[in-house]
Amino acid sequence: MTRRPSWSYFVLALIVPTALAAEGGSGPPASRRSAPPSLPVNLATDEATRPLFPGPVFQVGPRPIGMVAGDFNADGHPDLVTLDAGVPPSSGDLSLLLGSGDGTFQARVVITVGSSPFALISADFNADGQIDLAVGDTGATGQPEALVLLGNPDGTFAQLPPVAAESTAVGFATADFNSDGHIDLATAAKCEDTAFCGHGDIAVYMGAGNGTFSAPSKYSVGERPIAVVAGDFSGDGVIDLISINTCANQYSCSHDDLTLLAGQGDGTFVRPSFGPIGVGRYPTCVVAADFNSDGRLDLAVLVGDPKQFTILLGSQGGGFSYGAPVRGPSDREFGI
């Protein structure tokens, strides 16, 4: 029986084209890819029996909950940084895995951050051509904060003084919201009141181009925002924001929802006249892309009840219509 690894391991499965070619014969590449290696099939479930983790395993920190990819040491090879939430009483941290260029990674390098990191994103915040990191976490005093780590060409990072926040950031989005050529930052800030939560906020920070940010402007959205995504959803050439929100009391609501914040081009946002759009129960993440090739951004939202992707097709003015749901592959989907 294959042993399930602990939370302290990150798994990377490698698909090797030569192995598929050996199984699929000597035809053209397309036909070889269409004939994957044969695997035992359970006739009762009609499912192939596969090893739990077919690729090599690389160790990171305890309880990894996020990951970004990029060339952090400027050697031309993609690297990985994971957000490791940690297991109390141990604090969380980041794990840097430098890529070797052959699908393998070097042993992790620990990057120390605050005590309880929740969110991670990468971007070039100081316009020097190096990839930087932003982390939302809880500092040593227990107060929420945002950390910016400026990347160096050797794969190390210089941490700037923390930016105080009123609420813990649980999701990030980056774009140039005010058209000044600098990367700005939006955070989905969870409600800190466990007894009553009237609404959560999207906090927007204007970037100065040197890795520092202005004080945030806050915009009320649903009760408990868990993710935020940026894009031109209204089709006017200006970056908008969408938050995915969960109910404060899951027993008293029929669905969770999303909130559109329409960008004005100057770094400010307004809520349109139409209300929140339902997305199903227990959403965990969202991605934006043009899924039906009509030139408008659509959304895929991963929800837990029912276990599926909710597809929302973009329409003129920032509205959405429901596409066909796509069933998820398992009972525990966390990311897209």
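So, a few notes on the structure that sits alongside this text. (Residues numbered from 1 in each chain as written. Predicted model: local features only at pLDDT ≥ 70, side-chain atom pairs only at ≥ 80, totals over all residues. Heavy atoms only, no water.)

1. Here we look at the side chain of Ser-234
Tracing the backbone through its elements, the reader meets Ser-234 in the loop between strand 18 (224–231) and strand 19 (240–246). Judged by its relative accessible area of 13%, Ser-234 falls in the buried class. Polar side-chain contacts of Ser-234 include one of 3.1 Å to the side chain of Asp-236. In contact with Ser-234, not counting residues within four places along its chain, are Asp-240, Gln-316, Gly-317 and Gly-318. (Helix = DSSP H or I, 4+ residues; strand = E, 2+ residues; numbered from the N terminus. Buried < 20%, exposed > 50% of the residue type's maximum accessible area, 1.4 Å probe, protein only. Polar contact = N/O pair within 3.5 Å; in protein donor to acceptor, adjacent residues only side chain to side chain. Contact = heavy atoms within 4.5 Å.)

2. Description of the side chain of Thr-187
Here Thr-187 lies in strand 15 (residues 184–189). Beyond its immediate sequence surroundings of up to four residues, Thr-187 is in contact with Ala-169, Gly-171, Phe-172, Asp-201, Ile-202, Ala-203, Tyr-205 and Val-228.

3. Some words on the environment of Val-229
Topologically, Val-229 is positioned in strand 18. Residues Val-229 and Phe-172 lie 57 residues apart in sequence; the distance between their C-alpha atoms is 7.5 Å. In this structure Val-229 touches Ala-173, Asp-240, Leu-241, Ile-242, Val-286, Ala-288 and Leu-299, once residues within four positions along its chain are discounted.

4. Re unusual backbone geometry
Even without a glycine there, the phi angle at Ala-127 is positive, about 55°. Residue position: Ala-127 is located in the loop between strand 9 (119–123) and strand 10 (132–138). With a relative accessible area of 62%, Ala-127 lands in the exposed category.

5. So, the pairing of strand 6 (residues 79–84)
In terms of residue burial, strand 6 counts as a mostly covered element, since 6 of its 6 residues are buried. Side chains Asp-79, Val-81 and Leu-83 of strand 6 all project onto a buried face; the interleaved residues Leu-80, Thr-82 and Asp-84 project onto the opposite face, where all are buried too. Bridging between strand 5 (residues 64–70) and strand 6 involves 6 bridges; their strand directions are antiparallel. When the bridges of strand 6 are listed, Pro-64 appears paired with Asp-84. Relative to strand 7 (residues 93–97), strand 6 runs antiparallel, the two being bridged by 5 bridges. Bridge pairing in strand 7 links Thr-82 to Ser-95. (Pairing = 2+ DSSP bridges.)

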